[in-house]
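Commentary on secondary and tertiary structure
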Amino acid sequence: MTQPLISLRHLSKFFPVDTDLFGRTTSLLKAVDDLSLDIFPGETFGLVGESGCGKTTVGKMLVNLHAPTAGEIWYGGRDLVKLPGKERRAYCRDIQLIFQDPYSSLDPRMTVGDIIAEPIRVNNLLPRREIDDRVAYLLNCVGLSANFRNRYAHQFSGGQRQRVGIARALAMEPKLIVCDEPVSALDVSIQAQVLNLLSELSDEFGLTYLFIAHGLSVVRHVSDRVGVMYLGRLVEVAPKRELYTNPLHPYTKALLSAIPVTNPRYRKERILLEGDVSSPIDPPPGCRFAGRCYAKSGCLGCACDTRTPELVEVLPRHFVACYLVADERDEARSTGPG
Amino acid sequence: MSELELAPATDETFHEKPDNQWLEMWRSLVANRAALVSLAFIGLLALIAVFGPYLVPYNPVETDMAHALKSPSAQHWFGTDQLGMDIFSRVIVGARVSLTVGILAVMIAMTVGVILGSIAGYVGGRVDTVIMRLMDIMLAIPSILLAITLMAALGKGIDKAVIAIGLVSIPEYARIVRSNTLSIKENDYVAAARIVGNSNARIIARHVLPNALSVIIVRTTLGMSSAILDLAALGFLGMGVQPPQAEWGDMLGRARGFIFQAPYTLFFPGMAITLTVLAFNLLGDGLRDAFDPKSRVK
């Protein structure tokens, strides 16, 4: 098996939400809790989950906008978390981010040309006289005319702005691009264009994507493998086809059942989750999903409420963090033939 | 890619100049009559400040007791004061003092205030607390009282007045720049600048301050009026310039005993202060409107 491009090990990010009189933290928001993940070169890894489940925080830790509370980020044989600032920055060149909001991600006081040239200038990637050509080339790569370089961001549509953001990320010649819901702020017609652009660029530049989204349908379109997050933890990771045809975690099943189907005669069972997402502030022990789990009653002996389930490889390359699934498989094995 | 075909690549667009946000702002400013008149008045004042001293009919510091307290006439347009000095000449020459002190004091206050405010806002945490509590302490003391105290410590003179007025105006700038920095730094483009490896200093200089520029300009313009007013107040209290140098507030202070006998000795320097301060205030308001696209005069 190929070496992963980047490996996250037990990555956690806690935000203090409350402190006592003496400045000691009394309650923690566990945005990301003990998350481990491998991303392989050339693949697109889709990370899904509802708002507030910590997927953006994962992305921000990768690009060094947040320092992890604990855990390791292995890239190029080194743990980026432990690297001193300067070296860390050098590695960060390889990991870039495409933002969700194309309106707030471009400086309104800069021309598009300057926005794209900035990464090159700051890092002295190219001699001064070659920068203009490079900017023109990058604009063409993302399907914009090089003539736009002297325009300001506000003169563009959302889709065009997102293309500028992509060009800015490409300017750093990254290996991995974290796409933080890059199309959720766009019209549906434009979404497809941007997604296609991303996949073309991946072929052309040999890019690897961590594609963060809150809907499974967009992720289905672009990903090779998919990870499902719930309240700061990964609950299921599997190759795309496997996940969509054979979801194992109760939460994934509920998510998939929520995708609208275009065929009106085809009715599938909707799984409606009860209650709200519980708060990521000082979460109780046990499975994060236990409070809303409709399948929990199926396994009385399980430790759903007391111990957090770990990700287990129940099928080849299919990982699930659920006692129920592991339990069923054990049973199947013991009662099976032979 | 339909959105691209809307803007075909022609030679014309290739040489397109960046669209000029300043030009748009300028148009909106000159459409505001009060701001335009104020701007013209300030322009005139600047000319007077530069060339006035060479054009005045009398030596502004020459006493002539034989012609003390003369009403305005063809010889003395604004009359003469209690020492027989020509008020017109003194008002003209006073413009240079007021504008110079105003500009220099505002520059000191703005430079220090912008640096402190942007650092406090951008870095946050303990640095923010220390800087802003310091500013709060300065704001807790009335600025004119603080300026008087500083003048008492430094001594008389234009240069001392510049320092005193400049120092007491720092918190205004620090506060306004800090609050703007706080909102600007939440934008994704600041995060983007960090991801591509910009240093914090460069982010403040290239991304935060340019986006706060409009507020800084407005504040600076309004700051001119308060600096000029502060100088006049110091002068009125006899703590500004070294006599017999002509300064509007100083003229008011010395003439106030003659208010019933010779009101023109107070009227003209008072008018000069009022009009100048009013002009800067109106221009500041006009700039604020011009920078805010929502309230732009169409």
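Residues numbered from 1 in each chain as written. Chains lettered and ligands numbered in written order. Predicted model: local features only at pLDDT ≥ 70, side-chain atom pairs only at ≥ 80, totals over all residues. Heavy atoms only, no water.

**Looking at the sheet that holds strand β4 (residues 70-75) of chain A**
Residue and element names in this part refer to chain A. If you trace the 4 strands from one edge of the open sheet to the other, you get β2-β1-β4-β5, paired in antiparallel fashion. Of all the strands in the sheet, the pair left with one neighbour each is β2 (25-39) and β5 (78-79). Alignment of strand β1 (residues 6-19) against β2, held across 10 bridges, turns out to be antiparallel. In the strand pairing of β2, Ile 6 is matched with Ile 39. The sheet contacts of helix α1 (residues 55-62) involve β1, β2 and β4, and relative to β1 the element is tilted by about 115 degrees. (Pairing = 2+ DSSP bridges. Helix = DSSP H or I, 4+ residues; strand = E, 2+ residues; numbered from the N terminus. Contact = heavy atoms within 4.5 Å. Axes fitted to C-alpha atoms, helices over the stretch in contact; angles between N-to-C directions.)

**Thoughts on the interface of chain A and chain B**
How big an interface is tends to be expressed through the accessible area that disappears when the partners come together. Listed as interface residues are 40 residues of chain A and, on the opposing side, 30 residues of chain B. Summed over both partners, the interface of chain A with chain B comes to about 3,200 Å²; 51% of that surface belongs to carbon and sulfur atoms. Looking only at chain A, the three residues that lose the most surface to chain B are Arg109(A), Glu118(A) and Asn147(A), adding up to 20% of its buried area. Between chain A and chain B we count 8 residue pairs in polar contact (both at pLDDT 80 or more) in total. Contributing elements (two or more residues each) for the side of chain A that touches chain B: β6 (95-98), α3 (112-122), α5 (158-171) and α6 (188-205) of chain A. By residue class, the composition of the side of chain A that touches chain B is 15 nonpolar, 16 polar and 9 charged. (Buried area = accessible area lost by both parts, 1.4 Å probe. Polar contact = N/O pair within 3.5 Å; in protein donor to acceptor, adjacent residues only side chain to side chain. Nonpolar A, V, L, I, M, F, W, Y, C, P; charged D, E, K, R; others polar.)

**Considering the packing of helix α5 (residues 87-123) of chain B against helix α10 (residues 200-236) of chain B**
Residue and element names in this part refer to chain B. Axis separation between α5 and α10 bottoms out at 8 Å; the angle between their running directions is 145 degrees. Both α5 and α10 take part in a crossing whose hand is right-handed. Counting all contacts with α5, which are made through Val 97, Ser 98, Leu 99, Val 101, Gly 102, Ile 103, Val 106, Met 110, Val 114, Ser 118 and Tyr 122, the residues of α10 involved are Asn 200, Ile 203, Ile 204, Val 208, Leu 209, Ile 216, Thr 220, Gly 223, Met 224, Ala 227, Ile 228 and Leu 231. Split into classes, the residues belonging to the contact of α5 with α10 amount to 17 nonpolar, 6 polar and no charged. (Left-handed = near helix turned anticlockwise from the far one by under 90°.)

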